[in-house]
Every structure is written in structure tokens, then in C-alpha cells.
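Summary of structural features
Residue strings, one per chain:
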Amino acid sequence: MKMKKIISSVTLLALSTLVLAACGGDKKDDTKTAKDSSASSSSVVKTETSKSSTSSETKTDAKADLKDGEYTLEEKNESNGYRTVFTIVVKDGKISESKYDNINKDGESKTADTKYNKMMKDKSGTSPDIFIPELNKALVEAQDPEVVDTVSGATSSSETFKDYAKQLVEAAKKGDTAKIEIDNKVEKK
């Protein structure tokens, strides 16, 4: 009986270690692969099963007090030939449209760059023509950048999207429709 408990405990510990290791993620140098690599995600919005009003962790309510209008953020610099242009439209106090995109110097969307999309999809399982619409849809559905999930395979773009969306939501809370310009970091090759 004592031996069964020991074996069960060791097995439980081993399984727990495997689960934690699988969730740990792999931090690798993304500059050698496509900017946004890994596998595609079918769902971008995190679901919450319960909300506790006694939680010690405070969370901003992105839905609260948004002023109607168009709020735009643009990167000043290009990275890999593209820069982010992001506009949210607030109507009746809610985000009604999210227009996040990466455009080149000619104003063409990265979603239309078939060569880039194919290369990235082959390497990571997703591409801008897939994840950009997913991120935009997720923000409108969630109404809060904090609950938009990172798209696997587009980690960098997802994090940029969420960061910029937070800035746009803050501007919408203030009703400040002045364009936000970001002097983004560009990595030299």
C-alpha cells in the first residue's frame, strides 16, 4: 500500500513537470525566422468563466466611458518594409471597428503580400492575411485589449496589437482624437 502511494506521488509529480514544461514556451531569436513565427491559433479571444469582485488584482475596464470618435495610431518607422497603422472607431461608447494593419511605403497592406504570407505561413503556420483579421475581430468582440489572446505564430504582432490597442482605448476614454505617432524600434540586420 505504501509503495502504491509512492508510485502515485512520483507519477503525479512527473506529469505535473511535463505539463509545466509544455506551458513554459520557448524563447528563441525571432530575427532568424519570419517576424511572427509559430503555429496558427483558431481563437483569439480569451474567455472568462468567472469574475470575482473581491480579487486583489485590479483590472481596467476598457468598456467604461469610451467617447465616440475615430482614434488612430501610426508608427513612424518601417520594420521589414512595413509600419503599423491602427484605427479604432467608437460608436455608442463601444468599439465598433478595429482597423489594425501593416502597410508599406506605397500604402499596400501586408495582408496582400502573397510572397510574404506564403513564406510566413510555411514557417509558422499563420500569416498576416490570417492573423490581422483575427486580431481586429477579437478586439471588437472583447471590447478590451487585455482579453485579446496572443495569436500563436504571430506573437510579436499580437503583442504590438494589444499594446497599441491599449493606447487607443486610453485616448478614447479621454476623447482625444489626435493621431498618436509611435517612434517604433527598428532592428538593424
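All chains use their own residue numbering, which begins from 1 and follows the written sequence. Where local features are concerned, this predicted model is filtered to residues with pLDDT of at least 70; where side-chain atom pairs are given and counted, the filter is 80 or more; whole-chain, interface and lining totals use all residues. Values shown for side chains rest on all heavy atoms present in the structure; no hydrogens or waters enter the calculation.

Under an unreviewed UniProt entry, the chain has the name FMN-binding domain-containing protein and belongs to Vagococcus vulneris.

**Side note on the sheet that holds strand β2 (residues 83-91)**
Any two strands with at least two DSSP bridges between them are considered paired. Numbered from the N terminus, helices here are DSSP runs of H or I no shorter than four residues, and strands are runs of E no shorter than two. Pairing is mixed across the open sheet formed by four strands, whose spatial order is β3-β2-β1-β4. The open sheet terminates on both sides in strands that have one partner only, identified here as β3 (94-103) and β4 (180-182). Pairs of neighbouring strands in the sheet enclose a mean axial angle of 15°, with direction left out of account. Of the strands in this sheet, β2 and β3 touch helix α3 (residues 128-142), which is tilted by about 160° from β3. Only the contacting stretch of a helix is used when fitting its axis, a line to C-alpha atoms as for every element, and angles between N-to-C directions run 0 to 180 degrees. In this description, contact between two residues means that some pair of their heavy atoms is separated by no more than 4.5 Å.

**Side note on helix α4 (residues 155-174)**
With 20 residues, α4 extends 29 Å from end C-alpha to end C-alpha; this agrees with the ideal 28 Å at 1.5 Å per step. For α4, every residue scored as buried is listed here: Ser 157, Ser 158, Phe 161, Lys 162, Tyr 164, Ala 165, Leu 168, Val 169, Ala 171 and Ala 172. The secondary structure elements touched by the buried residues of α4 are β1 (69-75), β2, β3, α3 and β4. Phi for Gly 175, located one or two positions after α4, is positive at around 75°. Residue count minus one, scaled by 1.5 Å, sets the expected span of a helix. Partly exposed residues are those whose accessible area sits between 20% and 50% of the maximum for their type, while under 20% is buried and over 50% is exposed, using a 1.4 Å probe and protein chains only.

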